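# Residue-level structural notes
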Amino acid sequence: MSEKVLIVISCGLDNPNRATRGLHLATVAQKQGRDVAVFLLDDAVFIAKEGLADNLRAATGDIAQDLIAHLQAFEVPILACTPCAKARRIGEDELIEGARYATAMELIDLSCESAVISL
């Protein structure tokens, strides 16, 4: 069993249940002691823009900002697809603490060494 877990999220503010579920799974993996990373693709990059996920919550009651704060506190990498963010005019300086741009090459490298959950 892999001790590394990669959560790939491709939906953003338009699908709060799936977006928040991905953050929740990353939090669970971290609490289990896994080496976890979150990779945001497509509209999910909006989750990493400062202030945009503040009111994002799932039907289950999970609050994205609480989950993000937990991930930040434990220094879980939050990786925003570089071309996805740039296409949506999100500068790297606009990302939340602990988030950074990342390329497809990094996604592939992480995927090859981790158990992957994609939402």
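Residues numbered from 1 in each chain as written. Predicted model: local features only at pLDDT ≥ 70, side-chain atom pairs only at ≥ 80, totals over all residues. Heavy atoms only, no water.

All right, on to the pattern of salt bridges then. Under the counting rule described, the total for this entry stands at 6 salt bridges. Across the pair K4 and E113 runs a salt bridge whose closest N-O atoms are separated by 3.2 Å. Placement of K4 in strand 1 (residues 4-9) and of E113 in helix 4 (residues 104-113) is noted, with a sequence separation of 109 residues between them. Its relative accessible area of 29% is what places K4 among the partly exposed residues. Exposure remark for E113: the relative accessible area of 42% places this residue in the partly exposed category. (Salt bridge = Lys/Arg side-chain N within 4 Å of Asp/Glu carboxyl O. Helix = DSSP H or I, 4+ residues; strand = E, 2+ residues; numbered from the N terminus. Buried < 20%, exposed > 50% of the residue type's maximum accessible area, 1.4 Å probe, protein only.)

A separate point is the sheet that holds strand 3 (residues 78-81). The strand order across the open sheet formed by 5 strands is 4-3-2-1-5, and the pairing between neighbours is parallel. Looking at strand neighbours, the two that pair on one side only are strand 4 (99-102) and strand 5 (115-118), the edges of this open sheet. Between one strand axis and the next, the sheet turns through 25 degrees on average, direction left out of account. Across 4 bridges, the pairing between strand 1 and strand 5 is parallel. Looking at strand 5, one finds that V5 is bridged to A115. Contacting strand 1, strand 2 (35-40) and strand 5, helix 1 (residues 16-31) crosses the sheet at an angle of about 170 degrees to strand 1. (Pairing = 2+ DSSP bridges. Axes fitted to C-alpha atoms, helices over the stretch in contact; angles between N-to-C directions. Contact = heavy atoms within 4.5 Å.)

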